[in-house]
Amino acid sequence: MLAVLVAGGGLLVALRSRGGPARTAGAPAPATVPAGVSPDGAAATRGLPGDDQAAARGCDRKPDASNTGPAPGSRFQPMPAGKLATPGQVLENKEFSGLIDIYADNVTIRNSIVHDGIRVRGSHVLIDHVATSGIAISGGTGHVIQYSNLSGGDDGFHISSTLEPVSGVIIRHNYVHDRRPPKGAHTDGIQVRGVRKLSVVCNNIDLSPYDKTQTAVVFLEWANGGNRDVVVDHNWLNAGGTTLVVAAKNLRVTDNRFGRGFRWNVCRLGNDDAGRSTFFSAGNVWADNGRPVVLCGQSR
């Protein structure tokens, strides 16, 4: 059986005998709400459109090892790695032995541990209070990833429309940290290569300390049709070669707290199909002193 333990402020994954209970780092009980509905109370959602207001509730609490991942005292049923192809599956309190591929629609993975990561191709997938190394989304719409603890591996989140279009993704209240990419690979907190409507809200994405494998904490790369209708709001973002690399249309970057662990700069503009990207920026501050951060020359 697999236990999630705190060590030095991070999350470590350790094997245990299959007979005993697994312990976690003190996370709250997992949410049981449907995808797209926030269980939290109201919080500041200034300037956010539509569904992003619900996604931003509860942003006063910084995600860490104590409030993400499986609930304390959970027992996990061993499960094999492989493909999940049954629509509507709800898999709770599971320990998957390796990588899982979600091909079906309306699949829920809750209060579970997944060795070696999760790949998503179906639609309306909910990943809730899960501990894993990383999550890749390469198809579908209506995905919600929340209250999960991602450590190890290369990218924390990788979203790409290379195979199929990806749209309508909410990433909220997650803790991404302690990346360990394989030799020759780079790492990002979130790398996005083509998406329509993405909300990155209330996450703690900390790649510190910087090393040469890091590209960006949030990397919006113009590929596979580009990135459109993106919100990056109320997050804690730290380190990377550059913390924020942006190439997107209709992008809002608001009320985030930036660390100073980056190597080169806090923000860099990328190119979209019309040239250099611009975006709306407001309320972003340095985490250590609360003073405003000017991102890529955006003065708003």
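The rules behind these values
Residues numbered from 1 in each chain as written. Predicted model: local features only at pLDDT ≥ 70, side-chain atom pairs only at ≥ 80, totals over all residues. Heavy atoms only, no water. Helix = DSSP H or I, 4+ residues; strand = E, 2+ residues; numbered from the N terminus. Buried < 20%, exposed > 50% of the residue type's maximum accessible area, 1.4 Å probe, protein only. Contact = heavy atoms within 4.5 Å. Areas by Shrake-Rupley, 256 points an atom, 1.4 Å probe, with all protein chains shown as cover. Core = buried A, V, L, I, M, F, W, Y, C linked by side-chain atoms within 4.5 Å. Phe/Tyr/Trp six-rings, centres within 6.5 Å; stacked < 30°, edge-to-face > 60°. Lys NZ or Arg CZ within 6 Å of the ring centre and 35° of its normal. Salt bridge = Lys/Arg side-chain N within 4 Å of Asp/Glu carboxyl O. Pairing = 2+ DSSP bridges. Disulfide = S-S within 2.5 Å. Axes fitted to C-alpha atoms, helices over the stretch in contact; angles between N-to-C directions.

(A) The arrangement of the overall build of the protein chain in detail. A tally of helices and strands in the protein chain yields one helix and 30 strands. Each of the 300 residues in the protein chain was classed as buried or not, and the buried ones make up 56%. Counted over contacts in the protein chain with a minimum sequence separation of 6, partners at least 24 positions apart contribute 54%. Approximately 11900 Å² of the protein chain is accessible, and the part contributed by carbon and sulfur atoms is 50%.

(B) Region of the structure containing the nonpolar core. If you look at the biggest cluster of nonpolar residues, it comprises 52 residues, and the most contacted ones within it are Ile109, Ile118, Ile159, Leu198, Leu251, Phe279 and Leu295. Apart from residues lying up to four places away in sequence, Leu251 is in contact with Leu220, Val230, Val232, Val246, Phe279 and Phe280.

(C) Looking closely at the packing of aromatic side chains. Under the criterion given, the structure shown has one aromatic pair. The ring of Tyr103 carries the charged tip of Lys83 above its face, separated from the ring centre by 4.7 Å. The cationic tip of Arg257 hangs over the ring face of Trp236; the distance from NZ or CZ to the ring centre is 3.9 Å.

(D) Examining the pattern of salt bridges more closely. This model, assessed by the stated rule, comprises six salt bridges. In this structure, Asp128 and Arg110 form a salt bridge, with 3.3 Å as the shortest nitrogen-oxygen distance. Of this pair, Asp128 sits in strand S10 (residues 126–132) while Arg110 sits in strand S8 (residues 108–114), placing them 18 residues apart in sequence. Accessibility assignment for this pair places Asp128 and Arg110 in one class, buried. The salt bridge partner of Glu164 is Arg121, with a shortest N-O separation of 3.0 Å. With Glu164 in the loop between strand S14 (157–160) and strand S15 (166–172) and Arg121 in the loop between strand S9 (118–120) and S10, this pair connects stretches of sequence that are 43 residues apart. Residues participating in the shared-partner salt-bridge network are Glu92, Arg110 and Asp128.

(E) Molecular detail of the pairing of S8. Counting buried residues along S8, seven of its seven residues qualify, which places the element largely inside the surrounding structure. In the sheet, strand S5 (residues 90–92) pairs with S8 via three bridges, with the strands oriented parallel. Among the inter-strand pairings, Leu91 is bridged to a residue of S8, identified as Ile109. Sheet analysis places strand S6 (residues 94–96) next to S8, joined by two bridges and oriented parallel. Bridge assignment links Phe96 to a residue of S8, and that residue is Val114. Sheet topology places S8 next to S10; six bridges connect them, and they run parallel. Following the sheet pairing, Thr108 is matched in S10 by Leu126.

(F) Representation of the pairing of strand S23 (residues 242–246) within the structure. Taken across its five residues, S23 has five buried, putting it largely inside the fold. Alignment of strand S20 (residues 216–220) against S23, held across three bridges, turns out to be parallel. Within S23, the position partnered with Ala216 by the bridge is Thr242. Relative to strand S26 (residues 265–269), S23 runs parallel, the two sharing four bridges. From the neighbouring strand, Val245 faces S26, where its bridge partner is Arg268.

(G) Quick peek at the state of the cysteines. Applying the stated criterion to the full structure yields two disulfides. Note that Cys59 is cross-linked by a disulfide to Cys202, the S-S spacing being 1.5 Å. With Cys59 in the loop between helix H1 (51–55) and strand S3 (77–79) and Cys202 in the loop between strand S18 (195–201) and strand S19 (204–206), this residue pair connects regions lying 143 residues apart in the sequence. Residues Cys59 and Cys202 agree in their burial class; the two are buried. Across the disulfide from Cys267 sits Cys296; the S-S distance is 1.9 Å. For the disulfide bridge between Cys267 and Cys296, the dihedral angle about the S-S bond is near -105°, and by the sign convention the bridge is left-handed. Placement of Cys267 in strand S26 and of Cys296 in the segment after strand S30 (285–286) is noted, with a sequence separation of 29 residues between them. The buried category is assigned to Cys296, whose relative accessible area is 19%. Shown here for the protein chain is a disulfide pattern of 1-2, 3-4, where each number marks a bonded cysteine counted in sequence order.

(H) Here's a closer look at the sheet that holds S20. Spatial strand order, S4-S7-S9-S11-S14-S17-S20-S23-S26: nine strands in an open sheet with parallel pairing. For this open sheet the edge positions go to strand S4 (82–84) and S26, each flanked by a neighbour on one side alone. If you compare each strand with its neighbour and ignore which way they point, the axes differ by 10° on average.

By themselves, these observations are geometric and do not establish any function.
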